[in-house]
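Structural description and commentary
Residues per chain are reported as follows:
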Amino acid sequence: ITPPFVHKFRQMAQPDDEDDVPCQPIAEDLAHYQEHYKEFFEELTIQSVSPDRQEAVFRIVSKRSDRRQLSVRLTTHGFVIEEDSQSGELQGQVLESFEQLLSTMDGADSFGSRLCGLVNEQLLQQLGSLDGQLHADATKD
């Protein structure tokens with residue numbers, strides 16, 4: 001005999017039916033990428049959005065000197081590269097995340113270096129701010 005609390009726990013642990021949960025519109029994700037990832041690309045242009053806002057096509061241009069351009073379809077299943085300005089090399093690839101898309105477009109080394117550089121800049125700014133506060137506190141005493 002299974003105690004009632006174990007039965008309830010098992011019910012809570014089971015995933016909800018995906019049809020019951022409304023999906024966040026994909027177009028909102030693209031606006032987030034445009035705002036928060038702008039240091040990683042030269043340009044991101046939304047070309048079309050489906051009426052239910054669960055699919056979108058956008059063009060992204062690399063910051064690298066070759067200015068690689070990708071046309072990407074974003075769906076609830078991932079990022080599908082539809083066109084690649086470098087002889088279609090990446091065409092047809094399906095990626096799970098925007099970070100994977102950036103890494104695939106520019107190369108993992110380039111993406112990783114840019115990410116580390118941005119993190120270092122932010123840390124230096126925070127340390128500079130902290131140093132300024134410590135100096136100000138020291139002069140008060």
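In what follows, the accompanying structure is described. (Residues numbered from 1 in each chain as written. Predicted model: local features only at pLDDT ≥ 70, side-chain atom pairs only at ≥ 80, totals over all residues. Heavy atoms only, no water.)

What follows covers the overall build of the protein chain. Along its length, the protein chain carries 4 helices and 5 strands. Expressed as a percentage of its 141 residues, the buried residues of the protein chain come to 25%. Residue pairs at least 24 apart in sequence account for 32% of intrachain contacts in the protein chain once pairs closer than 6 positions are excluded. Total accessible area on the protein chain stands at roughly 9,900 Å², and carbon and sulfur atoms take up 50% of it. (Helix = DSSP H or I, 4+ residues; strand = E, 2+ residues; numbered from the N terminus. Buried < 20%, exposed > 50% of the residue type's maximum accessible area, 1.4 Å probe, protein only. Contact = heavy atoms within 4.5 Å. Areas by Shrake-Rupley, 256 points an atom, 1.4 Å probe, with all protein chains shown as cover.)

This part is about the sheet that holds strand β3 (residues 69-75). In spatial order, the strands read β1-β2-β3-β4-β5; together these 5 strands make up an open sheet with antiparallel pairing. Looking at which strands have only one partner, the edges of the open sheet turn out to be β1 (43-49) and β5 (94-95). By the bridge criterion, 6 bridges tie strand β2 (residues 56-61) to β3 in an arrangement that is antiparallel. Considered in β3, the bridge of I60 is made with L70. Packed onto the sheet, helix α2 (residues 26-36) meets β1, β2, β3 and β4 (78-84) and runs at close to 170° relative to β1. Helix α3 (residues 98-106) rests against β1, β2, β3, β4 and β5 of the sheet, and its axis sits at about 40° to β2. (Pairing = 2+ DSSP bridges. Axes fitted to C-alpha atoms, helices over the stretch in contact; angles between N-to-C directions.)

For the rest of this paragraph, the subject is the pattern of salt bridges. According to the stated counting rule, one finds 7 salt bridges in the structure shown. Here R73 ties to E55 by a salt bridge, and the two come within 2.8 Å at their closest N and O atoms. Remark: E55 occurs in the loop between β1 and β2 and R73 occurs in strand β3; sequence separation between them is 18 residues. For E82, the salt bridge identified is with R73, shortest N-O distance 2.6 Å. On the accessibility criterion, E82 (27% relative accessible area) is partly exposed. Within the structure, one salt-bridge network assembled from shared partners comprises E55, R73 and E82. (Salt bridge = Lys/Arg side-chain N within 4 Å of Asp/Glu carboxyl O.)

In this structure, F58, I60, F79, F98 and L101 are the most contacted members of the largest nonpolar core, which totals 21 residues. Contributions of two or more residues to this core are made by α2, β2, β3, β4 and α3. The element contributing the most residues to this core is α3, with 4 residues. Leaving out residues up to four positions away in the same chain, F79 has contacts with Y33, F58, V72, R73, L74, Q93, V94, L95, E96, S97, F98 and L101. (Core = buried A, V, L, I, M, F, W, Y, C linked by side-chain atoms within 4.5 Å.)

Right, let's talk about the packing of aromatic side chains for a bit. In this structure the tally under the stated criterion is 8 aromatic pairs. Between F58 and F79, the ring centres sit 6.4 Å apart and the planes meet at 90°, which makes this aromatic pair edge-to-face. Linking F58 in strand β2 with F79 in strand β4, this pair joins segments that are 21 residues apart in sequence. The exposure classification of F58 matches that of F79, with both residues buried. Grouping aromatic residues by their ring pairs yields a cluster made of Y33, Y37, F40, F41, F58, F79 and F98. (Phe/Tyr/Trp six-rings, centres within 6.5 Å; stacked < 30°, edge-to-face > 60°.)

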